[in-house]
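Here is what each chain is made of, one letter per residue.
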Amino acid sequence: MKTTGFYKNVFKILIPIVLQNVVTNLVNLLDNIMIGQVGTEPMSGVAIANQLFFIFNLGIFGGLAGAGIYTAQFRGKEDDRGICHTVRMKIYIGLIVSAVFAAVLFLGGSDLVSAFLHEGNEGLDLSVAYGHAMDYMHIMMIQLIPFAFIQVYASTLREVNETVLPMISSIAAVLINLVGNYILIFGKFGAPALGVEGAAIATVIARFAECAILVIYSHVKADRFPFFKELYRSFKVSKAVVSGILRKASLLLVNEVLWSGGMAMLNQSYSLRGLEVVSAVNIASTINQLFMCGVFSCGSVINIIVGQHLGAGRTDEAVVTAKKITRLSVLLSLVVGALLVLCARAMTDFYNTTDTVKSLATSMMIILACQLPFSAFSNSCYFTLRSGGKVFLTFLFDFIATWGGYVVLAFCLTRFTVLPIITIYMLVNSVEILKSVAGFFMVRSKIWVVNLVQDI
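Heads up: these notes are all about the structure in this document.

The rules we used
- Residues numbered from 1 in each chain as written.
- Predicted model: local features only at pLDDT ≥ 70, side-chain atom pairs only at ≥ 80, totals over all residues.
- Heavy atoms only, no water.
- Helix = DSSP H or I, 4+ residues; strand = E, 2+ residues; numbered from the N terminus.
- Rg over C-alpha atoms; globule rule 2.2 N^0.38 Å.
- Buried < 20%, exposed > 50% of the residue type's maximum accessible area, 1.4 Å probe, protein only.
- Contact = heavy atoms within 4.5 Å.
- Areas by Shrake-Rupley, 256 points an atom, 1.4 Å probe, with all protein chains shown as cover.
- Lys, Arg positive; Asp, Glu negative; His and termini not counted.
- Charge placed at Lys NZ, Arg CZ, Asp CG, Glu CD.
- Patch = residues over 30% accessible without salt bridge, like charges linked within 9 Å, V, L, I, M, F, W, Y side chains within 5 Å.
- Salt bridge = Lys/Arg side-chain N within 4 Å of Asp/Glu carboxyl O.
- 1 Å grid on protein atoms, 1.4 Å probe; cavity = no way out; pocket = protein on both sides within 12 Å on 5 of 7 lines; lining within 4 Å.
- Points joined across faces, edges and corners; volume = space filled by probe spheres on them.
- Nonpolar A, V, L, I, M, F, W, Y, C, P; charged D, E, K, R; others polar.
- Axes fitted to C-alpha atoms, helices over the stretch in contact; angles between N-to-C directions.
- Parallel < 35°, antiparallel > 145°, perpendicular 65-115°, else oblique.
- Left-handed = near helix turned anticlockwise from the far one by under 90°.

Focus on the overall build of the chain
Reasoning step 1: In terms of regular secondary structure, the chain is built from 14 helices and zero strands.
Reasoning step 2: When the elements of the chain are put in sequence order from the N terminus, they spell out α-α-α-α-α-α-α-α-α-α-α-α-α-α.
Reasoning step 3: Since a compact globule built from 456 residues should have a radius of gyration of about 23 Å, the 21 Å found for the chain is in line with a globular shape.
Reasoning step 4: In terms of overall dimensions, the chain has a C-alpha envelope of 65 × 50 × 40 Å along the principal axes.
Reasoning step 5: Relative to its 456 residues, the chain shows a buried fraction of 57%.
Reasoning step 6: Within the chain, residue pairs in contact and separated by at least 24 positions form 84% of the contacts whose partners lie at least 6 positions apart.
Reasoning step 7: Working note: accessible area of the chain is about 18500 Å², and carbon and sulfur atoms make up 67% of it.
Reasoning step 8: Averaged over its 32 positive side-chain charges, the chain has a centre that lies 13 Å from the centre of its 25 negative ones.

Quick look at the environment of Ser363
Reasoning step 1: By secondary structure assignment, the location of Ser363 is in helix 11 (residues 355-387).
Reasoning step 2: Considered as a pair, Ser363 and Ala222 are 141 residues apart in the sequence and their alpha carbons are 50 Å apart.

Examining a nonpolar patch on the surface
Reasoning step 1: Taken together, Tyr92, Ile96, Val100, Val104, Leu112, Tyr232 and Phe235 make up a surface patch of nonpolar side chains, about 660 Å² in accessible area.
Reasoning step 2: Residue Tyr232 is classed as partly exposed on the basis of its relative accessible area, which comes to 39%.

Notes on unusual backbone geometry
Reasoning step 1: Non-glycine residue Glu78 carries a positive phi angle of around 60°.
Reasoning step 2: Judged by its relative accessible area of 72%, Glu78 falls in the exposed class.
Reasoning step 3: Positive phi is not limited to glycine here, since Phe189 has a value of about 55°.
Reasoning step 4: Within the secondary structure, Phe189 sits in the loop between helix 6 (164-186) and helix 7 (196-220).

Description of the layout of surface pockets
Reasoning step 1: As a volume, the largest pocket reaches approximately 540 Å³.
Reasoning step 2: If you go around the largest pocket, you meet 24 residues; those closest to its centre are Ile55, Val100, Phe101, Val104 and Val257.
Reasoning step 3: Of all elements in the fold, only helix 2 (40-77), helix 3 (80-114) and helix 8 (239-271) reach the threshold of two or more residues within the lining of the largest pocket.
Reasoning step 4: The element that contributes the greatest number of residues to the lining of the largest pocket is helix 8, accounting for nine residues.
Reasoning step 5: Its residues assigned to classes, the lining of the largest pocket comprises 19 nonpolar, five polar and no charged.

Brief notes about the pattern of salt bridges
Reasoning step 1: According to the stated counting rule, one finds eight salt bridges in the structure shown.
Reasoning step 2: Of the charged contacts in the structure, one is a salt bridge between Glu230 and Arg233, with a shortest N-O distance of 2.9 Å.
Reasoning step 3: The partly exposed category is assigned to Glu230, whose relative accessible area is 38%.
Reasoning step 4: Note that Arg314 is salt-bridged to Glu317, the shortest N-O span being 3.9 Å.
Reasoning step 5: A relative accessible area of 35% places Glu317 in the partly exposed class.
Reasoning step 6: Here the salt bridges share partners, and the residues they tie into one network are Arg345, Asp349 and Lys358.

Considering the packing of helix 11 against helix 13 (residues 421-429)
The angle between the axes and the distance between the axes are what describe a pair of packed helices.
Reasoning step 1: Interhelical geometry of helix 11 versus helix 13 gives an angle of 20° and a closest axis separation of 10 Å. Relative to helix 13, helix 11 is oriented roughly parallel. As helix 11 packs across helix 13, the resulting crossing turns out to be right-handed. Along its contact with helix 11, which presents Leu360, Ser363, Met364, Ile367, Leu368 and Gln371, the element helix 13 presents Ile421, Ile422, Tyr425, Met426 and Asn429.
Reasoning step 2: For the contact of helix 11 with helix 13, the residue count by class is eight nonpolar, three polar and no charged.

This is how it looks when you write it as structure tokens:
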């Protein structure tokens, strides 16, 4: 394929994914700012609760990703029956993960929230933050199953190159969420001012709306997506697909849960330096996620296009495609990182919080911006390995860096040194450099170049 045609195809898939992620993260930012207007304690409480839901979200992503590897390769093979079976497996996985997470929050949510609450230098009320976190968490549990179905349908559509519908449903949902936040947090148009509870209710409503749009449209337009026609006429999944997906999905699920759990442990270590650090990390990560949308969306494109090449037996094209999209991701990261440095301080001024929190958040964003090219490269390596089903390698790739690097380093530095939190934050994030080096050698070995559906 000529270079012009190649990038035209890449951007055809990439742009809707980027727009979807930008809108989602922009509304998350505005949501964050709105809650921040109520006070630092409510913002910290919601940030703590969202750390727990972050683990659920990535658990769903990881569990579905194993089936998604097969979906993309069945698409390259033009096997709609195979895709139908992978979607059924996704539904089973989504329901199981949702049930397990709901049980964990119901039985141990209070203890998990309490682990993030520590006194700092700003005199913030920990009991108030705890109350907001629990109120928010109890309402947000309602959206677990709708979120799982959203990811089942959206991920499947993207894996067969339909990226516009998930983008439209996501934009509709975030607009509903944004309007709902404005009305319910601040009590506009005659509604009661519910604060944190209002933010949670708005999110739940938006999740149900997004789920309805995706499911109804996908089945109404089943001629475009024939694998949805037979989806609920049977609940059987072929043994070959079950066996293959379980091997991949179980490792990816464990990987994502361990990674997100590691990030929660990382932030728990940071929280030992005070509630203001929790708020600063929340602000920095929320803004950083908005700026990273284009960069990290390249990983999804690698997963789709490279997976389809592998499923169709076009191994040379798969290798070349992975290299080109990785270069594109790193180039985007340099531009985005520079913009983040320039905008960091101005972005924190939108928050109704203390100068200490703003200063910490600004410094953290600058550190994240400097790290971004390495994050872009390692992210592309991760999805390249995953496209060929090398989930054990991706497991080692993430597990060693997260638990052997980030978590251990943060645990030791926050507990056994008196280093400033910004110095600790910088040292911990430098682990990404080592991770990108390991990713380079893994991808260069071409061990990931595998057709998983050839004999299914």
